[in-house]
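Residues per chain are reported as follows:
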Amino acid sequence: MSFPVVSRNALRSAVRASSRSAVAPAPAARSLSMLAKAVTPRAATAPVARLAVQQQRGLKTLDFAGTKEKVYERADWPLEKLQDYFKNDTIALLGYGSQGHGQGLNLRDNGLNVIVGVRKDGHSWKEAIQDGWVPGKNLFTIEEAAEKGTICMYLLSDAAQSEQWEHLKPYFTKGKTLYFSHGFSVVYKDQTKVIPPSDIDVILCAPKGSGRTVRTQFLKGTGINSSVAVHQDVTGKALEKSVALGIAVGSGYLYETTFEKEVYSDLYGERGCLMGGIQGMFKAQYDVLRANGHSPSEAFNETCEEALMSLFPLVGEHGMDYMYKACSTTARRGALDWAPEFEKACKPVFERLYASVRDGSETRRTLEFASRPTYREDYDKETDAIAAQEMWRAGHTVRALRPGRDGGKL
Ligand SMILES: NC(=O)C1=CN([C@@H]2O[C@H](COP(=O)(O)OP(=O)(O)OC[C@H]3O[C@@H](n4cnc5c(N)ncnc54)[C@H](OP(=O)(O)O)[C@@H]3O)[C@@H](O)[C@H]2O)C=CC1
Ligand SMILES: CC(=O)[C@](C)(O)C(=O)O
Ligand SMILES: [Mg+2]
Ligand SMILES: [Mg+2]
């Protein structure tokens, strides 16, 4: 079938770009995903799968639109090398939220010696048991795991990292490594009081996506992209260790950054285009359609469904210009004219947001809110309120209509 609105040149350059790109899936990765599907999940599958995916790539300096940056790729860390590198380590995951789940299961499937530490009988404890962690064998209280771990992965919520710090710090003794998936605790130390002992390596690997995706991409044989950074290098091996761990937890490739840059960009991004901004923009567009007499299904389809199911995936695969070219000349004219209007309207909001991240206001708010004993229920109330908005209730019905779907949950 032909694809009339995309010029041959555009298609050719899209293909060239994607074959050049560091993220283009290697053929081996594709066959790996079939392999991963063909065998039962967990332990036995992934190590076999990972061996199949020896790509000829490793540490690289790449040109990102004119700026040279270092990227680490998993080809430099085949499974046997990872297993050998961490053979004397006990990797202790402290916390089992979204990241604990994704990173922990991937480490376990990679055959590394990993244990989980969470509050006994809490929500995470139950979830860990469901995921096959066994109390007394590889599931412990936070304190027990912190004691046993030579590499302690501090994956409690950012608020709990601060709250538990004084209590857990004595376990982070000389020679151990402290690992974060966010620059938050260390960078906002004035508020969090997290100041690591000076005789341990302090490193970061922050997957740039949900812990759920960290897991699903690993099972598919692809890999999330992550940031790596070093806060303290006592052994001279801190960077190497952060890269090795980054690969071991399921990253496909890693960008080098600093704790500060990671946390500023992360807090900003999630409040902006990734989560807060997108909900706000969808809602505003939907409400105007409804106020002008459009039905809920029409308003939802023209705001969310088409974006998420048709146009955004094209942007993700090939870039914004490709998506524009795949749409009508009519759409293109209007979108080209209106994009700068939106940019102008949004820019001051983004500037205010960045300032609020940098001056610690966002941190203060998070620490206050997520420290509440009722934090789960309190968050649920607000996300339930989003689910209760007419827009997302309409979305529930729309999603259920997608062929192959039997319900409204993605
Ligand atoms: N979510 C994501 O996908 C991403 C997260 N990160 C970072 O990874 C780290 C972990 O985040 P995430 O996985 O989302 O986890 P959450 O922020 O959802 O935190 C959940 C974990 O913290 C524990 N916890 C919360 N409060 C307390 C407390 N007072 N005492 C003891 N334990 C507590 C929970 O245990 P319990 O069930 O017992 O309450 C649970 O194990 C954070 O630094 C985050 O910024 C980085 C990239 C993406
Ligand atoms: C998933 C992720 O990268 C976020 C949005 O930054 C987070 O969950 O904190
Ligand atoms: Mg974040
Ligand atoms: Mg993030």
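What you see is a predicted model; the values in this text were computed from it and never measured.

Conventions and cut-offs
- Residues numbered from 1 in each chain as written.
- Chains lettered and ligands numbered in written order.
- Predicted model: local features only at pLDDT ≥ 70, side-chain atom pairs only at ≥ 80, totals over all residues.
- Heavy atoms only, no water.
- Helix = DSSP H or I, 4+ residues; strand = E, 2+ residues; numbered from the N terminus.
- Contact = heavy atoms within 4.5 Å.
- Areas by Shrake-Rupley, 256 points an atom, 1.4 Å probe, with all protein chains shown as cover.
- Near = heavy atom within 4 Å.
- Polar contact = N/O pair within 3.5 Å; in protein donor to acceptor, adjacent residues only side chain to side chain.
- Nonpolar A, V, L, I, M, F, W, Y, C, P; charged D, E, K, R; others polar.
- Donors = N, O, S within 2.8 Å, 3.2 Å for Na, K, Ca; no water.
- Buried < 20%, exposed > 50% of the residue type's maximum accessible area, 1.4 Å probe, protein only.
- Pairing = 2+ DSSP bridges.
- UniProt positions renumbered as here; feature names shortened; annotations may be inferred.
- Domains from an automatic or database assignment.
- Buried area = accessible area lost by both parts, 1.4 Å probe.
- Core = buried A, V, L, I, M, F, W, Y, C linked by side-chain atoms within 4.5 Å.

The helix and strand tally for the protein chain stands at 21 helices and 10 strands. Long-range contacts, defined here as pairs at least 24 residues apart, represent 68% of the contacts in the protein chain between residues at least 6 apart. For the protein chain, the exposed surface amounts to about 21900 Å²; the carbon and sulfur share of it is 57%.

Turning our eyes to something else, we now look at the site of ligand 2. The full set of residues close to ligand 2 is P207, G209, S210, D266, E270 and M275. Side-chain polar atom of D266 to an oxygen atom of ligand 2: 3.0 Å apart, as the coordinates give it. Protein chains bury 62% of the 270 Å² of accessible surface belonging to ligand 2 in isolation. Along the lines of polarity and charge, the residues of the shell around ligand 2 split into 2 nonpolar, 2 polar and 2 charged.

Six octahedral donors around a metal ideally sit at 90 or 180 degrees from one another, while four tetrahedral donors ideally sit at 109.5 degrees. Listed as protein donors to the magnesium ion (ligand 3) are D266 (OD) and E270 (OE); their distances from the metal cover 2.0 Å. In this structure, the magnesium ion (ligand 3) lies 3.5 Å away from the magnesium ion (ligand 4), the two metals sharing D266 as a donor. Of this pair, D266 and E270 both sit in helix α14 (residues 259–271), separated by 4 residues, roughly a single helical turn. The class of D266 is buried, set by a relative accessible area of 19%. For E270, a relative accessible area of 24% translates into the label partly exposed.

Here strand β8 (residues 201–207) lies mainly inside the structure; 7 of its 7 residues are buried. With burial as the criterion, each face of β8 is covered, one bearing D201, I203, C205 and P207 and the other bearing V202, L204 and A206. One ladder, built from 4 bridges, connects strand β7 (residues 177–180) with β8; its direction is parallel. Considered in β8, the bridge of F180 is made with L204. Here 6 bridges tie β8 to strand β9 (residues 224–232), and the two strands are oriented antiparallel to one another. Residue pairing across strands places C205 opposite V228, the latter belonging to β9.

Here the focus is the site of ligand 1. Not every one of the 25 residues close to ligand 1 is listed here, only the nearest: Q99, R119, S124, D158 and R376. At 2.6 Å from an oxygen atom of ligand 1 is found a side-chain nitrogen or oxygen belonging to D158. Y375 places a side-chain nitrogen or oxygen 3.1 Å from an oxygen atom of ligand 1. Contact with the protein chains removes 84% of the 890 Å² of surface that ligand 1 exposes when unbound. Contributions of two or more residues to the shell around ligand 1 are made by α5 (98–109), α6 (123–130), α8 (158–163) and α20 (375–387). Here the residues of the shell around ligand 1 sort into 7 nonpolar, 14 polar and 4 charged.

Moving on, we come to the UniProt feature "binding site: Mg(2+) 1" (unreviewed entry) in the protein chain. UniProt feature "binding site: Mg(2+) 1" (unreviewed entry): in the numbering of this structure it lies at D266 and E270. Beyond its immediate sequence surroundings of up to four residues, D266 is in contact with H182 and K208. Here the side chain of D266 touches K208 through a polar contact of 3.2 Å, side chain to side chain. Excluding residues within four positions of it along the chain, E270 makes contact with M275 and G276.

Glancing now at unusual backbone geometry. Not every positive phi belongs to a glycine, and D121 is a case in point at roughly 65 degrees. The backbone of K193 shows a phi angle near 65 degrees, a positive value even though the residue is not glycine. Counting through the fold element by element, K193 comes out in the loop between α11 (189–192) and β8.

Entries for the protein chain in the domain assignment read domain 1 (60–257) and domain 2 (271–401). Using C-alpha coordinates to define each centre, domain 1 is positioned 30 Å away from domain 2. Contact with domain 1, which involves 11 residues of that partner, is made by 11 residues of domain 2. When domain 1 packs against domain 2, the two sides together hide about 860 Å² of surface, and 57% of this comes from carbon and sulfur.

Moving on, we come to the nonpolar core. Grouped together as the largest cluster of nonpolar side chains are 32 residues, with contacts concentrated most on F86, I91, L107, W133, M153, Y179 and L245. Only β3 (91–94), α5, β4 (114–117), α6, β6 (151–154), β8 and α13 (238–248) provide two or more residues apiece to this core. The element that contributes the greatest number of residues to this core is α13, accounting for 6 residues. Ignoring anything within four residues of it in the chain, the contact list for I91 reads F86, L107, L112, N113, V114, I115, I151, M153 and L245. F172, I200, V202 and A229 belong to the second largest nonpolar core, which has 24 residues in total.

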